[in-house]
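Breakdown of the fold
Here's the letter readout for the chains.
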Amino acid sequence: MFRITENTKIGELLRQFPEAAEILGNMGMHCPTCPSAQNETLAQACDVHDFDVDDLIEDLKGFLEG
């Protein structure tokens, strides 16, 4: 089972759940078109974009489960 954590790499997340691009895009994180996002963790991306990683993880889990 794939587990989303702050250490999840964005590229890995998008390979497992391509639909996650929608929630990231809604937050202004255009990860599928960002070359550095493939090896960047959720925590690193949140740091760059000034988002709380725990909030993002909860949003992703809710979106993917719903």
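Because the structure is predicted, anything quoted here is derived from the model rather than measured.

1. What about the nonpolar core?
Within soluble globular proteins, side chains that are nonpolar tend to cluster in buried spots. I10, L13, L24, C31, L42, L56 and L60 are the most contacted members of the largest nonpolar core, which totals 17 residues. Listed by contribution, the elements that provide at least two residues to this core are α1 (10-16), α2 (20-26), α3 (42-49) and α4 (53-65). With four residues, the single largest contributor to this core is α4. In contact with L56, not counting residues within four places along its chain, are L24, M27, M29, L42 and C46.

2. A look at the packing of aromatic side chains
All told, the structure shown has one aromatic pair when counted by the stated rule. Pairing F2 with F17 gives two aromatic rings, centres 5.6 Å apart and planes at 70°, and the pair type is edge-to-face. Remark: F17 occurs in the loop between α1 and α2 and F2 occurs in the segment before α1; sequence separation between them is 15 residues. With relative accessibility at 22%, the residue F17 sits in the partly exposed group.

3. Comments concerning α3
For an α-helix the count is 3.6 residues per turn, leaving residues at separations of three or four pointing the same way. Taken together, the buried positions of α3 are occupied by L42, A45 and C46. Along the axis of α3, the buried positions cluster into a sector of 100°, meaning they face one direction only. Of the residues in α3, the exposed ones pointing more than 90 degrees away from the buried face are D47 and V48. Where α3 is buried, its residues contact α1 and α4. Once α3 finishes, D50 follows within two positions and takes phi at roughly 60°, a positive value.

4. Some points on the side chain of E40
Along the chain, the position of E40 falls in the loop between α2 and α3. We note that E40 is buried and unpaired, the nearest opposite charge coming from K9 at a distance of 10 Å. Beyond its immediate sequence surroundings of up to four residues, E40 is in contact with T8, K9, I10, A45 and V48.

Calculation notes
Residues numbered from 1 in each chain as written. Predicted model: local features only at pLDDT ≥ 70, side-chain atom pairs only at ≥ 80, totals over all residues. Heavy atoms only, no water. Core = buried A, V, L, I, M, F, W, Y, C linked by side-chain atoms within 4.5 Å. Buried < 20%, exposed > 50% of the residue type's maximum accessible area, 1.4 Å probe, protein only. Helix = DSSP H or I, 4+ residues; strand = E, 2+ residues; numbered from the N terminus. Contact = heavy atoms within 4.5 Å. Phe/Tyr/Trp six-rings, centres within 6.5 Å; stacked < 30°, edge-to-face > 60°. Arc of directions from axis to C-beta. Lys, Arg positive; Asp, Glu negative; His and termini not counted. Salt bridge = Lys/Arg side-chain N within 4 Å of Asp/Glu carboxyl O.

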